[in-house]
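An overview of the molecular structure
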Amino acid sequence: MRAFFLATVALAGAHGVAAAVQELPGNLTEWKEAKAAEAEKAAGVVAKDAKLSAVGKVVELLTGLQQKVLAEGEEEAHTYSKFACFCKDTTKEKLEAIQKGEDSKASLSADIAEVGSKRDGLDTKIGDLLAEIAKEKHMTEQFTELRQKNLATYEANAADLIGALDALEGAIQK
């Protein structure tokens, strides 16, 4: 094999001879070692490329994840903004309604107290009038009894007078 390389060197020329001789391994073992080193170097390059490819994929996935997280964050911020506005508006409306209800409650409590006072006065007046009605009813019953007695007396007297008048008339006609 060395003879083959020497023949190649002779043909290559004077200038390229020195470089070609330096690149050629001295024996088969050296040549195999050089080829193994080249294979290892090529395998290292392939492994390095594989590692770089894996790192590239990881970087690509992280970039995609970052964009997705940013998009979701913006969407969540928009949703939060809408919800915050809703809460602010609803809270304002509820506070106004509560204030209106409290004002109304105070006004209605005052009205209830006033009407309660009037009712107490009217209840007293009703009690007085019921007592007066009972008194008047008793007096009416007494006067009715008295009139009935007077009527009975009048009817008895009237009957006596009618009888006396009839007797007088009968005596005058005879």
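Residues numbered from 1 in each chain as written. Predicted model: local features only at pLDDT ≥ 70, side-chain atom pairs only at ≥ 80, totals over all residues. Heavy atoms only, no water.

1. Re the overall build of the protein
- Counting its regular elements, the protein contains three helices and zero strands.
- Taken from the N to the C terminus, the helices and strands of the protein come in the order α-α-α.
- Of all 174 residues assigned to the protein, the portion counted as buried reaches 2%. (Helix = DSSP H or I, 4+ residues; strand = E, 2+ residues; numbered from the N terminus. Buried < 20%, exposed > 50% of the residue type's maximum accessible area, 1.4 Å probe, protein only.)

2. Remarks on the pattern of salt bridges
- The full count for this structure, using the stated rule, is three salt bridges.
- One salt bridge in this structure joins Glu38 and Lys35, with 3.8 Å as the shortest N-O distance. Highlighted residues: Glu38 and Lys35, both in helix α3 (residues 28-173), separated by three residues, approximately one helical turn.
- Taking the shortest distance from any N to any O, the salt bridge between Arg119 and Asp123 comes out at 3.6 Å. With Arg119 and Asp123 both in helix α3, this residue pair falls four residues apart, about one helical turn.
- A relative accessible area of 56% places Arg119 in the exposed class.
- Under the relative-accessibility criterion, Asp123 is labelled partly exposed at 37%. (Salt bridge = Lys/Arg side-chain N within 4 Å of Asp/Glu carboxyl O.)

3. Some points on the packing of aromatic side chains
- Scanning the model with the defined rule gives one aromatic pair in all.
- Measuring from ring centre to ring centre gives 6.4 Å for Phe83 and Phe86, while their planes differ by 35 degrees; the resulting arrangement is tilted. On the criterion of helical spacing, the pair formed by Phe83 and Phe86 is a turn pair, its members being three residues apart in helix α3.
- For Phe83, a relative accessible area of 51% corresponds to the exposed category. (Phe/Tyr/Trp six-rings, centres within 6.5 Å; stacked < 30°, edge-to-face > 60°.)

4. Quick look at a nonpolar patch on the surface
- Together, Val58, Leu62, Leu65 and Val69 make up an exposed nonpolar region whose accessible area comes to about 360 Å².
- With respect to the helices and strands, the residue Val69 is situated in helix α3.
- Residue Val69 is classed as partly exposed on the basis of its relative accessible area, which comes to 47%. (Patch = residues over 30% accessible without salt bridge, like charges linked within 9 Å, V, L, I, M, F, W, Y side chains within 5 Å. Areas by Shrake-Rupley, 256 points an atom, 1.4 Å probe, with all protein chains shown as cover.)

5. Notes on the state of the cysteines
- What the rule picks out here adds up to zero disulfides.
- The thiol of Cys85 is not disulfide-bonded; the next cysteine sulfur, from Cys87, is found 9.4 Å away.
- On the basis of relative accessible area, Cys85 is assigned to the partly exposed category, the value being 44%.
- We classify Cys87 as partly exposed; its relative accessible area is 27%. (Disulfide = S-S within 2.5 Å.)

6. Points about the confidence of the model for the protein
- Here the protein averages 83 in pLDDT, and 84% of its residues register 70 or above.
- Averaged pLDDT values over the elements of the protein bottom out at 46 in helix α1 (residues 2-12) and peak at 90 in α3.
- Of the regions scoring below 50 in pLDDT, residues 1-21 engages in seven contacts with residues more than four places distant in sequence or in other chains. (pLDDT = per-residue confidence, 0-100. Contact = heavy atoms within 4.5 Å.)

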